[in-house]
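Here are the chains, one letter per residue:
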Amino acid sequence: MVEMQIDGVKIEMPEGSMVMDAVKQLGKYVPHFCYHKKLSIAASCRMCLVEVEKAPKPLPACATPVTPGMVVRTQVESPKAATAQKDVMEFLLLNHPLDCPICDQGGECQLQDLAVGYGGNNSRYHEEKRTVTHKEVGPLISMEEMARCIHCTRCVRFGQEVAGVMELGMLGRGEHAEITTFVGNTVNSELSGNMIDLCPVGAITSKPYRYSARNWELSRRKSISAHDSLGSNLIVQVKGNEVMRILPFENEEVNDCWISDRDRFAYEGLKSEDRVTEPMIKRDGKWTAVSWDEAFTYVVEQLKAIKGRVGADKIGALASNTATVEELYMLKALLNGLGSTHIDTNLRQSDETLAGALQGTPWLGMPITAFSDVHVALVVGSNLREEHPLLAARLRQAVKRNAKINVLGSSAGDLLMAARQNALAPSAWLSELLAIEAALSANDANDTSFAAQTARNLSDSRAKNKAVMVGNAVMNHPQAAQLLTVINRIAAATASTISVLTEGANTVGAYAVGAVAKNGSLNAVQMFNAPRDAYVLLNVEPQFESANPAQALKALSGAFVVAMNAYFSAASEYADVILPVTPFTETAGTFVNAEGRSQAFNPVVKPRGQSRPAWKVLRVLAERFGLSNDGSFTANDINDVRVLTDKVIASATANQSNVLDVSVVVGQPSMGIERSARVAAYAADAITRRAESLQQTDMARSAQVVGLSAAVYDALGLTKDLADDEAWVIVEQDGLKVKAQAVLRPELAGNVVDIQQGSLLAAQLGSQFGFVTVERA
């Protein structure tokens, strides 16, 4: 520790700390622009100048290390420091446009705030201000007013240090310096929106939010993300009764101070014209709006008739893994009250043996913060950047400390970090995991195969924090139980943690309340293989979220379907009744994230139209069925439901486990062309699928085409210089055909095509893990 003095107050700081750290620890403030606690030090803005005793001139607090006996005076105690800061402010304002009234950053601008305290009343600069050419960098962030930029380089450093890709950089020198992309490229990082928050002026702003509201018009409300299993903490900004913008709420243990673009921009889906706001019944093929009372009466009559005719066993329920704990608890209680046990939230799981074999609840196996400290990891079946962008960012920090990352999947894409990757078709994953297991005991130092090198990394006794990370593609794999069994054996042999990167905001919560197939109840695949006579759907779109869309739609089309959903098109093709329920922003609820953290949230806006929170709809349905004597249905408000669910969650999360042990049978390797088993990044849930700006990104557009490996591309006679609109193919699967544009994806395994689940293309085909034939159109 180093003892020093700031403005007459003595303080001890760890050796290597900067003066800025000491100032913050004392609760004092030194003005700054380029400094950010999560980024490297640039010392480029010079706004944080302070007086250091015996130093010939003021020094930047952000870049000056503390030394024993150092005496520092900030602008509060030092006229010299105050004058220096005012001089710096004058330079920063020389070329800054005087357009605060029309700037989107107005009212929340650091430069605006500090100019009041440190700027002059008049400018001594009477020359022509510089101009900077407008830059088009994509659908999410706007760089149309780069004349406002003060060159703090926060955006550049964020890209390099957190996002992992330097999409922005500084061009030119002096007055001619400007932040730009490389040769007109767009910004495509899945974390790019964080640059908006980091920009201290109005140079980088949100394109979807641009010119839609003023900062002082917005109310701020906390919430939890519903778009992946991290459970990012959010600030939802509301004007009137409409969500206008979403920002990160800092939580060091979960999302740090960042959020993904999916969390930030998906709110546009809440405003979709597709929202259904009143109950509807299909009569003679036509949809008619009805009252809630009429809708409830119709549902109860039909389900009672089906139960009386074929038994309650012919009734099943399917729910989204983005539904809240309270909603899932009430849905399960309603189904059990009717006499059925068939409920599932894992619509993409295709291994019918997994539910019976899995012991405990799949979860992360360690705190989220531990990802930054991993020494060795084997990642199986996960597109990290797309499925879990912020977990990928934490792994990126571990790689900077020499962590060894090994990735087994269907493609070897750019993870923006050093990693050893092996791209194989999904049917070959089991053999490769067995090869890794065999290599653990063989210990052949001369073997350079992926399996041998991965085994050596996992066996390294110097590595303390080791993990085998299980992606969504493993959990949804037709051989999921066998894959997990081998993963268990590898983890046990190497003292590694099994970390299941769960799918959806509330997968762990669904397991906790029992809203998954277990103890003889049917899972989603079985309910579609042996169709039920009635289905109750909660916030799901089976055509986009099931393992086999064609099979799901066929089963639903022949049954009585009650769809509790926020969107009309989600169920209009096959449902008989649509009960409008609210998305997560219009209801109170709880999500349990991948690490088992239970996070409750409240509604940020009122329900739209006549839509109601799903737990309330389920409670009323239970009353109509005469189930009100059940303690689950006596709740008057959300807190009454939570009294019940909190006990269940506490019990379930105390016994989390990823243990599995089934017999493993390796079949002959397939020679056919397989699908990649990838889920489209911006099509994972209903709200995201309807977010217009996200759907215009390169990542979303990749789900609208068929990706071909180099081997398949060449075999079809396609050439690399062929224009994109000239490469068309016909894909056939299970007797279903679709014509689509094709693109070359060299990162794919040789016999793999990339048709992303959740897309319109995939909705017209069969199994997510199926074999396909591809021919040139």
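Residues numbered from 1 in each chain as written. Predicted model: local features only at pLDDT ≥ 70, side-chain atom pairs only at ≥ 80, totals over all residues. Heavy atoms only, no water.

## Points about the domain arrangement of the protein chain
- Assigned domains within the protein chain: domain 1 (1-94), domain 2 (280-358 + 507-654), domain 3 (368-500) and domain 4 (674-776).
- Computed from C-alpha atoms alone, the centre-to-centre distance between domain 1 and domain 3 is 44 Å. (Domains from an automatic or database assignment.)

## Here we look at the pattern of salt bridges
- Scanning the entire structure with this criterion turns up 37 salt bridges.
- Measuring nitrogen to oxygen at the nearest pair gives 3.0 Å for the salt bridge that ties Asp274 to Arg690. Placement of the pair is Asp274 in the loop between α6 (261-265) and β13 (280-283) and Arg690 in the loop between α22 (686-689) and α23 (692-695), with a sequence separation of 416 residues. You'll find Asp274 and Arg690 in the same group, each marked buried.
- Several salt bridges share partner residues, and in doing so they unite Asp274, Glu541, Glu545, Arg689 and Arg690 into one network. (Salt bridge = Lys/Arg side-chain N within 4 Å of Asp/Glu carboxyl O. Helix = DSSP H or I, 4+ residues; strand = E, 2+ residues; numbered from the N terminus. Buried < 20%, exposed > 50% of the residue type's maximum accessible area, 1.4 Å probe, protein only.)

## Details of unusual backbone geometry
- Despite not being glycine, Ala43 has its phi angle at roughly 55°, a positive value.
- Take Ala43: it is sitting in the loop between α1 (19-25) and β3 (49-52).
- The exposure class assigned to Ala43 is buried, which follows from its relative accessible area of 15%.

## A look at the sheet that holds strand β16 (residues 343-344)
- Taking strand neighbours across the sheet as the criterion, the seven strands line up as β14-β13-β24-β23-β22-β15-β16 in an open arrangement whose pairing is mixed. Two strands lie at the open edges of the sheet, namely β14 (286-289) and β16, each paired on one side alone.
- Bridging between strand β15 (residues 315-319) and strand β22 (residues 534-538) involves five bridges; their strand directions are parallel. Looking at β22, one finds that Gly316 is bridged to Tyr535.
- Contacting β13, β15, β22, β23 (560-565) and β24 (577-580), helix α7 (residues 292-310) crosses the sheet at an angle of about 140° to β23.
- Helix-sheet contacts for helix α20 (residues 614-624) involve β22, β23 and β24, and the interaxial angle to β23 is about 140°. (Pairing = 2+ DSSP bridges. Contact = heavy atoms within 4.5 Å. Axes fitted to C-alpha atoms, helices over the stretch in contact; angles between N-to-C directions.)

## Digging into helix α19 (residues 549-557)
- Residues of α19 that are buried include every one of Pro549, Ala552, Ala555 and Leu556, and no others. Viewed along the axis of α19, the buried residues span an arc of 130°, placing them on a single side of the element. Among the exposed residues of α19, those pointing more than 90 degrees away from its buried face are Lys554 and Ser557.
- Those residues of α19 hidden inside the fold are in contact with α17 (524-529), β22, α18 (542-545), β23 and α26 (760-763). (Arc of directions from axis to C-beta.)

## Digging into the nonpolar core
- Residues Phe33, Met47, Phe158, Leu168, Ile204, Ile405 and Met469 are the most contacted members of the largest nonpolar core, which totals 101 residues.
- Among the elements that take part in this core, helix α11 (residues 389-400) stands out by supplying seven residues, more than any other.
- Dropping the residues within four chain positions of it, Met469 is found in contact with Met366, Phe371, Val374, Ala377, Leu378, Val379, Val380, Leu395, Ser499 and Leu501.
- Ranked by size, the runner-up nonpolar core spans 90 residues in total, among them Leu335, Leu618, Phe625 and Ile638. (Core = buried A, V, L, I, M, F, W, Y, C linked by side-chain atoms within 4.5 Å.)

## Re the packing of helix α4 (residues 154-163) against α11
- Contact geometry of α4 with α11 gives a least axis separation of 9 Å together with a crossing angle of 80°. Viewed along their axes, α4 and α11 adopt a mutual orientation that is roughly perpendicular. Contacts between α4 and α11 involve Gln160, Glu161, Val162 and Ala163 on the former and, on the latter, Ala393, Arg396, Gln397 and Lys400.
- Across the contact of α4 with α11, the residue classes tally to three nonpolar, two polar and three charged. (Parallel < 35°, antiparallel > 145°, perpendicular 65-115°, else oblique. Nonpolar A, V, L, I, M, F, W, Y, C, P; charged D, E, K, R; others polar.)

## Some details on the UniProt feature "domain: 4Fe-4S His(Cys)3-ligated-type" (unreviewed entry) in the protein chain
- Here the UniProt feature "domain: 4Fe-4S His(Cys)3-ligated-type" (unreviewed entry) sits at residues 80-119.
- The distance from the first to the last C-alpha atom of residues 80-119 is 16 Å, and the span holds 57% helix and 0% strand. (UniProt positions renumbered as here; feature names shortened; annotations may be inferred.)

## Overview of the packing of aromatic side chains
- Here the structure, examined in full by the defined rule, presents six aromatic pairs.
- Ring centres of Phe591 and Phe601 lie 4.9 Å apart, and the angle between their planes is 40°; on these two criteria the pair is classed as tilted. Taken together, the residues span a long stretch of sequence, with Phe591 in strand β25 (residues 589-592) and Phe601 in strand β26 (residues 598-601) at a distance of 10 residues. We note that Phe591, like Phe601, is buried.
- The ring of Tyr567 carries Arg690 above its face, with NZ or CZ at 4.1 Å from the centroid. (Phe/Tyr/Trp six-rings, centres within 6.5 Å; stacked < 30°, edge-to-face > 60°. Lys NZ or Arg CZ within 6 Å of the ring centre and 35° of its normal.)

## Some points on the sheet that holds strand β20 (residues 466-470)
- Strand order in the open sheet formed by five strands is β19-β18-β17-β20-β21, with parallel pairing between adjacent strands. Edge positions in the sheet fall to β19 (420-423) and β21 (497-500), since each of these pairs with one other strand and no more. Pairwise comparison of adjacent strand axes, ignoring direction, gives a mean angle of 15° for this sheet.
- Pairing geometry for strand β17 (residues 376-380) and strand β18 (residues 404-409), over five bridges, is parallel. Paired with Ala377 across the strands is Ile405, a residue of β18.
- Contacts between helix α13 (residues 450-459) and the sheet are confined to β17, β18, β19 and β20, with β18 contributing the most and set at about 140° to the helix.

## Notes on the packing of helix α12 (residues 429-442) against helix α15 (residues 480-494)
- Contact geometry for α12 and α15: axes closest at 10 Å, N-to-C directions at 20°. The angle between α12 and α15 falls in the class roughly parallel. The crossing of α12 and α15 is left-handed. For the pair α12 and α15, the contacting residues are Trp429, Leu430, Leu433, Leu434, Ile436, Glu437 and Leu440 in the first and Gln482, Leu483, Val486, Ile487, Arg489, Ile490, Ala493 and Thr494 in the second.
- Looking at the contact of α12 with α15 residue by residue, the class counts come to 11 nonpolar, two polar and two charged. (Left-handed = near helix turned anticlockwise from the far one by under 90°.)

## Quick word on the side chain of His36
- Tracing the backbone through its elements, the reader meets His36 in the loop between α1 and β3.
- On the accessibility criterion, His36 (16% relative accessible area) is buried.
- Those residues in contact with His36 that sit more than four places away from it in its chain are Arg154, Leu198, Cys257 and Trp258.

## Remarks on the state of the cysteines
- For the coordinates displayed, the defined rule picks out zero disulfides.
- Looking at the unpaired Cys152, the closest cysteine sulfur is the one in Cys199, lying at 6.2 Å. (Disulfide = S-S within 2.5 Å.)

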